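Analysis of the macromolecular model
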Amino acid sequence: MRITVLTGAGISAESGLRTFRAEDGLWEEHRLEDVATPEAYARDPALVHRFYNARRAAAAAAQPNAAHRALADLARKHDVTLVTQNVDDLHERGGAPYVIHMHGRLNRALCAACGHRWPSPAVMDVTTACPDCGSRSARPDVVWFGEMPYDLDDITEELERADLFAAIGTSGNVYPAAGFVRMARQFRAHCVELNLDRSAVSSDFQEHLTGPATEIVPGWVA
Ligand SMILES: CC(C)NC(=O)[C@H](Cc1c[nH]c2ccccc12)NC(=O)[C@H](CCCC/N=C(/NCCC(=O)O)S[C@H]1O[C@H](COP(=O)(O)OP(=O)(O)OC[C@H]2O[C@@H](n3cnc4c(N)ncnc43)[C@H](O)[C@@H]2O)[C@@H](O)[C@H]1O)NC(=O)OCc1ccccc1
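Rules and cut-offs
- Residues numbered from 1 in each chain as written.
- Predicted model: local features only at pLDDT ≥ 70, side-chain atom pairs only at ≥ 80, totals over all residues.
- Heavy atoms only, no water.
- UniProt positions renumbered as here; feature names shortened; annotations may be inferred.
- Helix = DSSP H or I, 4+ residues; strand = E, 2+ residues; numbered from the N terminus.
- Rg over C-alpha atoms; globule rule 2.2 N^0.38 Å.
- Buried < 20%, exposed > 50% of the residue type's maximum accessible area, 1.4 Å probe, protein only.
- Contact = heavy atoms within 4.5 Å.
- Areas by Shrake-Rupley, 256 points an atom, 1.4 Å probe, with all protein chains shown as cover.
- Domains from an automatic or database assignment.
- Buried area = accessible area lost by both parts, 1.4 Å probe.
- Salt bridge = Lys/Arg side-chain N within 4 Å of Asp/Glu carboxyl O.
- Polar contact = N/O pair within 3.5 Å; in protein donor to acceptor, adjacent residues only side chain to side chain.

Under an unreviewed UniProt entry, the protein chain has the name NAD-dependent protein deacylase and belongs to Paracoccus isoporae. The UniProt entry for the protein chain carries the following text under Function (unreviewed entry): "NAD-dependent lysine deacetylase and desuccinylase that specifically removes acetyl and succinyl groups on target proteins. Modulates the activities of several proteins which are inactive in their acylated form." Under the heading Sequence similarities (unreviewed entry), UniProt records this for the protein chain: "Belongs to the sirtuin family. Class III subfamily."

Put into structure tokens, the structure is as follows:
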């Protein structure tokens, strides 16, 4: 059985990482366009660095939970492609052998001048230099709004050959990720949504498991 799994911020919520749209969500005190767009970075790189330094520290202090570990088990037993919108590394620390980070990673830096990538220092700021070209235009290696997500060709290929597509802890508001369920349906995959509550694309799924990820994901995997 070929399984493609898409995860969002909800799977890391019980590890203490804030989601985006909840009342105490990340976007509460920060306007998305002020911290997660290339324009924001050009306008006020110091603010953007502070935002991602805080998230990098929170992710480093967090521990993978039972949902992360259950997906690692699933990946050891089945032909699983694990795609995440999350920029934390809790899937890997939960034992997942391979993870597609379609929106990038907090623990990697990207040189906006030469494109070089390297393991991110815990704290970055406007003086952080690229170890390759020396220019001081280091940014977090995350995909900002208006930028092309990573590995879309590989993801599309997996969606086309999936027998089962599962979305876990995602609100279905951000594209192209929110459109994956429709692509999987087109290729006759069975689609299941695992979430605390309904999402913006719940009607596209044939099956719904509702509850906290640490409770419903291990049960679904078993
Ligand atoms: C706001 C939205 C309308 N805008 C977009 O979607 C835009 C524009 C757009 C493109 N196509 C469209 C079509 C229609 C409308 C708009 C668009 N998309 C883009 O700009 C994308 C780039 C988007 C990526 C931006 N970067 C992120 N992250 C990295 C940075 C960072 O993290 O700072 S997005 C970021 O927000 C999203 C947050 O969503 P979720 O993860 O779902 O989190 P959320 O808080 O919303 O929901 C949490 C869910 O969990 C549940 N939950 C909570 N606790 C638990 C719990 N305990 N257990 C279980 N579930 C739980 C909740 O109930 C809830 O349902 C994630 O994707 C996350 O990565 N790029 C692009 O389109 O490029 C060109 C292109 C063109 C053609 C083809 C390809 C590309």
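1. Concerning the overall build of the protein chain
What the protein chain contains, in helices and strands, is nine helices and nine strands. The globule rule puts the C-alpha radius of gyration for 222 residues at 17 Å, and the 17 Å found for the protein chain is close to it. Summarising its shape, the C-alpha atoms of the protein chain cover approximately 50 × 35 × 30 Å along the three principal directions. Considering the protein chain as a whole, with its 222 residues, one finds that 52% of them fall into the buried category. Within the protein chain, contacts between residues separated by at least 24 positions form 61% of all contacts whose residues are at least 6 apart in sequence. In the form shown here, the protein chain has an accessible surface area of approximately 10,300 Å², with 52% of it arising from carbon and sulfur atoms.

2. So, the domain arrangement of the protein chain
Domain annotation of the protein chain identifies domain 1 (1-17 + 64-103 + 144-222) and domain 2 (21-61 + 109-142). Computed over C-alpha atoms only, the centres of domain 1 and domain 2 are separated by 25 Å. Of the residues lining the interface, 13 residues belong to domain 1; the matching set on domain 2 comes to 20 residues. For the pair domain 1 and domain 2, the two sides together bury roughly 1,300 Å², of which 61% comes from carbon and sulfur. When the buried area of domain 1 at its contact with domain 2 is split by residue, W144, F145 and Y150 rank highest and sum to 56% of it. Where domain 1 packs against domain 2, one counts one salt bridge. The residue E147 makes a salt bridge to R139 at a minimum N-O spacing of 2.9 Å. Summed over the shared surface of domain 1 and domain 2, the number is six residue pairs in polar contact (both at pLDDT 80 or more).

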